[in-house]
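Coordinate analysis (summary)
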Amino acid sequence: MVTIEINGQQVEAEQGQMLIEAADKAGIAIPRFCYHKNLSISASCRMCLVEVEKAPKPMPACATPVADGMVVNTKSTYALAAQKSVMEFLLINHPLDCPVCDQGGECDLQEFSIGYGSDKSQYAEIKRVVKDKDIGPLIATELTRCIHCTRCVRFGQEIAGMRELGATGRGDWMEIGTYIEKSIDSELSGNIIDLCPVGALTSKVSRFTYRVWELANNDSISAHDCIGSNCNAQTKNGEIKRVISRQNDSINDAWISDRDRYSFEGLQSDDRLTKPMIKKDGAWTEASWDDALQFAVNSLKDIKDKSQIGTVCSPSVTTEEMYLLQKVMRGIGSNNIDHRLRQSDFRGQDQDPLFPGLGMSVADVAAQQAAILIGSNVRKEQPIMGHQLRQASLKGAKISFVNPVSFDANFNVAHEFTIAPSQMFKELKVLAKVALENSSAGAPEGLAALVSSVKVTDEHKQCIAELSDADNSMVILGTIVQAMPNYSAMRILASYIADASNSTLSYLTPGANTSGAYLSGLLPNRTQVAQGEFANTDGLDTQAMFAQKLKAYILYGIEVERDLDNPVQASQALDNADFVVSLSAFVTDAIKAGSDVILPISTITESSGTLINVAGIWQSFNAVSKAKGLSKPGWKVLRVMGNLFNIDGFDYQSSEDVINELKSALALENSQSETSRATNQLVWDCPENISAQTTDIQRIAELSIYNVDAVTRRATALQKTQDAQVDVAKINSALAKKLKLEDAQAVTAKQADNTAQVTISIDNKITDNCVYLSAGNVAASSLGGGFDTIELIPA
Amino acid sequence: MSEINKDLINAASRVDIDQWVAKYPADQKQSAVMAALRIVQDQNGGWLTTELMDAVASYLDMDKIHVYEVATFYSMYEHKPVGKHKICVCTNISCMVCGSGEIVDHLEDKLDVKMGGTTEDNRFTLKEVECLGACSGAPMIQIGEHYYENLDAEKIDKILEELK
Ligand code: SF4
Ligand code: FES
Ligand code: FES
């Protein structure tokens, strides 16, 4: 620690810190444009010039390290004169078009020019004009306003890991841009809007729809992945106009993903459901809430055998809704409740941890020295987790992947094992064998025999050695492996590898609230019985519920054809059922076709509630935007249903009552906002040796980035991005040759009796003999299971 | 990184670039970017195309935009076709004081082309440049790797004659 003096005030600072950091900490404001806490220092704008005693000239506070006894003045006439001249230079070419600029009212340049600018300009020459560039559907450019702070360029290089923007030209002619015509494709791209201190980069989606001072700030939580990024959803007249990031150093730093930023557009979709609807004699009519609820409850009461009712819930709704939904269903005597929409192998479910989580905080991931990700396209599935892993990698961490596709990474990948889904079990056996050979502990029962015949390579050895040598390391199960047909066997091996290499076994889970679903008991096989205690129940999992064609279904926040692993199987089950209730924010022909009554529930931003992220952090929020029409928050609807069923304990006054009841069931205090991270490690239970030697072509399904939930699927700008162009079947050139198919050729994809029309895209990142046809998109909705065999027939 | 791109750089240029790459630590290949750009520019008759810059990017494992930044920053790189001889006329302070204005006028007259343009026969391109560090010989021009100093109209005529 050193002590310095700023404006006469004694300030403690750490050795090596820059002046601006010390001043920020002490609450002393120094104007700045290029400096940003989460980016490298470029010291290029010179706005932060201050007076340092004994220094021969004004010093940039962002690039001047503190020294003991330093005497600094940020407001002396000398410092002010320097700051004012910088301001004058910056304004030379600026168009001063604040009245038509979206940034007006929150612009650093505007603000500092009030403090430091002059009301007259000495500049009489011609101002330069920069042509705007089209950099894609998300970000609008107005580059004449740019002051060349290069924050956006540094963000691309340092955080997004894709250097897409640059500063070309020189001096007067320097321009920010892509040089060639190109869209910005990073999944984190929107952050440059928040970073840009002026109005050069603004949101294309929100453009000209508000003035900053009309917006209300609402602290909220992003609900499109399991990270729980903190955001600020800004509203005007109760409608979200813009979402920006909110700093949380233990979760998302200063960033949010584009999905979290732009999904709100889907809230205004034309197919929002605004009134309850009932199907009578095949025709849909609008109904009052009373009638609709009574109809739903009576029809469910008519099903005498309650084990004939199946309830399937989205993993991205609030914990309150999840808890009440399972409470209602258990109250009427049905344990067929599930939120695991894409899982197909449930054999290991009784070994599931309290909740499948990271086993550490999100930010801790950046401090790992090694990790292996199994079945994960982390960068697109959980962009902020991708960011944390990239930060680890930049510090030298060895990060490896076992995947059916060689996904694009934005950091150095240590080892990449790209193999067909059917061979992944074998690959994990190889890694387990190495782990076993290195381990001083004895082999768990059956493992030695299981792995005896597999061949080990140096690369496998290195990969495991990196895990074992690291002080902190993780073995991560991604959502792709969790959807695979022999997930349970692979998970046991992953757990062993983690055990033997002294790593944390971690999960990255689907949706925004899988943790909440587990903790609230939205599972067929387990229920809370007393404070913190669970008992096993014998309900049906998602697959079984649809395979067994039950009499009645309750669908909560689900679009069957987009949200389930096997959409065709599910639709058939609904067609066959006597009665189906859909609780949904949207209404589509498909929902109508599959339901008998549809109840309009609020989306997450329209209701108060709680999301529990993958690290076990409980984050509650208030309703941000106005409910659509007569739609109601889900917890209120479920409360009424509980009462109509005459189940005890449904007298909640607020969503807090609900969450507090759950907390006390979990032996947590009301004020607690974190579930302790119980270990994920499994008890060894030797998996069966499956050797899948098949010549059939296997499908690889990954839930693509902008198809994850109903709201995102309706966000039009996101759907125009490169990442959203997924209605294709990707195969590698070897398979294309074998099947005599060409790039861009139209084909029929066929799984059992189900077909879809798709275009071929040749991509050598796909492993041999597999077809990558992502889940959740239109083509997949008429197909079967994500990892079933598939044929491609030329159209 | 596509291989097709790299093929735009011919074998001789590759040998040259590799010599430069060898001067820097293996993980800092990008240090050779300026030399590489100069080499491919020469290979291409004095100017760079986007494809060539992309080729350099993939040859040196750099982001394309990074190469564009370098290539647009330095005035020695051309982004449009140039004539056989590029005449760089310094009009910076010392040369200006010593009469670069007349040099410019004379060249423009003689070659019948405006500053920045190329003669119809594609022999000469006129380019205005900043101080080339030869103020003691002002006014001056640079053609290829040669500096021509203490110029006047007569000397210019002679130089142009020699280059015909
Ligand atoms: S566009 Fe904005 S963030 Fe990028 S350099 Fe210009 S002012 Fe800075
Ligand atoms: S903030 Fe210090 S130079 Fe820009
Ligand atoms: S000013 Fe012309 S060479 Fe220096």
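All values derive from a computational prediction rather than experimental measurement. (Residues numbered from 1 in each chain as written. Chains lettered and ligands numbered in written order. Predicted model: local features only at pLDDT ≥ 70, side-chain atom pairs only at ≥ 80, totals over all residues. Heavy atoms only, no water.)

Turning our eyes to something else, we now look at the domain arrangement of chain B. The domains assigned to chain B are domain 1 (2-73) and domain 2 (85-163). For domain 1 of chain B and domain 2 of chain B, the distance between their C-alpha centres works out to 29 Å. (Domains from an automatic or database assignment.)

Each strand in a sheet pairs with another by means of backbone hydrogen bonds, the pair being arranged parallel or else antiparallel. Residue and element names in this part refer to chain A. Strands sit in the order E14-E13-E26-E25-E24-E15-E16 across an open sheet of seven strands; the sheet is mixed. Where the open sheet ends on each side, the last strands, each with one partner, are strand E14 (283-286) and strand E16 (337-338). Where strand E15 (residues 309-313) and strand E24 (residues 552-556) come together, five bridges link them in parallel fashion. By the bridge assignment, Gly310 is partnered in E24 with Tyr553. Against the sheet, helix H8 (residues 319-332) contacts E15, E16 and E24, and its axis sits at roughly 175 degrees relative to E15. (Pairing = 2+ DSSP bridges. Helix = DSSP H or I, 4+ residues; strand = E, 2+ residues; numbered from the N terminus. Contact = heavy atoms within 4.5 Å. Axes fitted to C-alpha atoms, helices over the stretch in contact; angles between N-to-C directions.)

Counting from both sides, the interface comprises twelve residues of chain B and, opposite them, 13 residues of chain A. Summed over both sides, the interface between chain B and chain A buries roughly 1000 Å², with carbon and sulfur atoms accounting for 58% of that surface. On the chain B side of the interface with chain A, the three residues burying the most area are Ile65, Glu69 and Phe73 of chain B, jointly 49% of the side's total. Here Glu69 of chain B makes a salt bridge to Arg163 of chain A, at a shortest N to O gap of 2.7 Å. Breaking the side of chain B that touches chain A down by element, the ones donating at least two residues are helix H4 (50-59) and helix H5 (64-73) of chain B. Of all the elements, H5 of chain B adds the most residues to the side of chain B that touches chain A, at six residues. Across the side of chain B that touches chain A, the residue classes tally to five nonpolar, five polar and two charged. (Buried area = accessible area lost by both parts, 1.4 Å probe. Salt bridge = Lys/Arg side-chain N within 4 Å of Asp/Glu carboxyl O. Nonpolar A, V, L, I, M, F, W, Y, C, P; charged D, E, K, R; others polar.)

Residues and elements named next belong to chain B. Considering the arrangement of structural elements, one finds Glu149 in the loop between strand E4 (146-148) and helix H8 (153-163). A residue is classified by how much of its surface remains accessible, and Glu149, at 33% relative accessible area, is partly exposed. C-alpha of Glu149 to C-alpha of Ala138: the two residues are eleven residues apart in sequence and 6.1 Å apart in space. In contact with Glu149, not counting residues within four places along its chain, are Ala134, Gly137, Pro139, Met140 and Lys155. (Buried < 20%, exposed > 50% of the residue type's maximum accessible area, 1.4 Å probe, protein only.)

Here we take up the pairing of strand E20 (residues 473-477) of chain A. All names here are of chain A. Counting buried positions along E20 gives five out of five residues, so the element sits mostly inside the fold. Across the two faces of E20 the burial is the same, with Ser473, Val475 and Leu477 and Met474 and Ile476 all buried. Pairing between E20 and strand E21 (residues 504-507): four bridges, direction parallel. Paired with Met474 across the bridge in E21 is Thr504.

Below, the discussion takes up the domain arrangement of chain A. Segmentation of chain A into domains returns domain 1 (2-92), domain 2 (277-345 + 522-608 + 631-651), domain 3 (358-507) and domain 4 (698-794). Just the C-alpha atoms count here: the centres of domain 1 of chain A and domain 3 of chain A sit 45 Å apart.

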